[in-house]
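Spelled out, the chains give:
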Amino acid sequence: MKRNIFNATFEESLNLKDDSLIDYMDKDTHKLPDPSTQSEKSKARIFGYIIVIFMIGTAFLISFICTKGFEGKLGESPFPKPNINFLPLKIFWVLFFVWLCITLIFRDRGEYFMSRFKGLFNMNTYIIWLVIEINLFFITFFSTTLTISVIISFFLILLFLAYFIFQNKIRTIKNILFTEHYEQNKLDKFFEKIITTIIKYGSIIVTVGIIWKIIFPNSVGRTDTIGLITFVLICIFVDIVLIFAEAYLLFPYLLYGYYKEKYSEDYRLYEGKTQLEWYGEKYFDKYIKGTKLEGK
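The paragraphs below set out a description of the structure included in this document. (Residues numbered from 1 in each chain as written. Predicted model: local features only at pLDDT ≥ 70, side-chain atom pairs only at ≥ 80, totals over all residues. Heavy atoms only, no water.)

### Some remarks on the overall build of the protein
A tally of regular secondary structure across the protein gives eleven helices and zero strands. Residues classed as buried in the protein amount to 36% of the 296 residues present. Contacts spanning at least 24 positions in sequence make up 73% of the contacts within the protein whose residues lie at least 6 apart. Surface exposure of the protein reaches about 17800 Å², of which carbon and sulfur atoms provide 69%. (Helix = DSSP H or I, 4+ residues; strand = E, 2+ residues; numbered from the N terminus. Buried < 20%, exposed > 50% of the residue type's maximum accessible area, 1.4 Å probe, protein only. Contact = heavy atoms within 4.5 Å. Areas by Shrake-Rupley, 256 points an atom, 1.4 Å probe, with all protein chains shown as cover.)

What follows is the structure, encoded as structure tokens:
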């Protein structure tokens, strides 16, 4: 019988720690300052506000530069004038609103054991937002040179790769959770070889292209083939790195956080923590103290 990775029992969810990357990320995030102390809360809040302002400002700046570049107000461009601006400021505001809603829904309510998971989740949604903007920026200024059909083909290939990468990782997670055995089919093996090749040689090609442009900046025109290929490869490489990070690092670790939330009391007892240590003072006073959950 096929099992859903979100429906494991508490005992089965403990198997996730057998994934070396989940175990590594769990240990790594716990090196961060303890957010349960009052002094660390104040520092984290101030630092958090600064980081959030910087992040939103960066996303706005990308859209602003794209808009001004599209209008030809940033001086001479190395690219042909684009016909469509795929990243106007209104797109920034739409993406900002979506990100804000997700952040508010999954905001930290003070439960200490989930603080790092929720912080990582909200940071991850911002990274996705930023990569979407970078891709729209890329599409705006390369659409004339590469044509829309070529760009669409690039992204369809990326979606195709993303599907198989996630499918393979989900099989691994199922194997860890339920000790089921999944045989890879020939198509999965074929795409794994393609992905491995791209990761192995993609960065080398991009690095060589960048070094060539630095050493021989005037060897060819600014819109030459090497420069164009370099920019395209950088965009594709960033997208592939994000897909792998999502599939192999963030998704499994956030799934572990999902089970810690689902079986919070079981995990608390398993780790030998008191309710105050596990939930934090703020959450304990608001949601646990004086209820039937207190003292369990």
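### Points about the packing of aromatic side chains
In this structure the tally under the stated criterion is 31 aromatic pairs. Plain terms: the ring middles of Phe60 and Phe64 are 6.1 Å apart, the flat faces sit at 20 degrees to each other, and that makes the pair stacked. Residue Phe60 and its partner Phe64 are both found in helix H3 (residues 38-70); the two are separated by four residues, about one turn of the helix. When its relative accessible area of 31% is taken as the criterion, Phe60 is described as partly exposed. With centroids separated by 5.6 Å and ring planes inclined at 90 degrees, the aromatic side chains of Phe113 and Tyr279 adopt a geometry described as edge-to-face. Of this pair, Phe113 sits in helix H5 (residues 112-146) while Tyr279 sits in helix H10 (residues 275-279), placing them 166 residues apart in sequence. Cluster of aromatic residues (ring-pair linked, three or more members): Phe6, Phe10, Phe117, Tyr253, Tyr256, Tyr258, Tyr259, Tyr263, Tyr267 and Tyr270. (Phe/Tyr/Trp six-rings, centres within 6.5 Å; stacked < 30°, edge-to-face > 60°.)

### Re the side chain of Lys118
Structurally, the position occupied by Lys118 is in helix H5. Look at Lys118 and you get buried, because its relative accessible area is 13%. The contacts of Lys118, once residues within four sequence positions are left out, are Phe106, Arg107, Asp108, Arg109 and Glu111.

### Thoughts on the environment of Tyr258
Mapping Tyr258 onto the fold places it in helix H8 (residues 225-262). The partly exposed category is assigned to Tyr258, whose relative accessible area is 33%. Separated by 140 residues in the primary sequence, Tyr258 and Lys118 have C-alpha atoms spaced 10.0 Å apart. For Tyr258, the side chain forms a polar contact with the main-chain oxygen of Phe6, separated by 3.1 Å. (Polar contact = N/O pair within 3.5 Å; in protein donor to acceptor, adjacent residues only side chain to side chain.)

### So, the packing of H5 against helix H6 (residues 148-178)
Following both chains from N to C, one finds H5 and H6 inclined at 135 degrees, their axes separated by 8 Å at the closest point. In terms of orientation, H5 lies oblique with respect to H6. Every residue of H6 that contacts H5 at Asn135, Phe138, Ile139, Phe142, Ser143 and Leu146 is listed here: Ile148, Val150, Ile151, Phe154 and Phe155. (Axes fitted to C-alpha atoms, helices over the stretch in contact; angles between N-to-C directions. Parallel < 35°, antiparallel > 145°, perpendicular 65-115°, else oblique.)

### Description of H5
Taking 1.5 Å per residue, 35 residues should reach 51 Å; H5 reaches 49 Å between its end C-alpha atoms and fits that length. A maximum bend of about 40 degrees is found in H5 at Thr140. Note on H5: the residue one or two positions beyond its end, Thr147, has a positive phi of about 75 degrees. (Expected span 1.5 Å × (residues − 1). Bend = angle between axes of the 7 residues up to and from the residue.)

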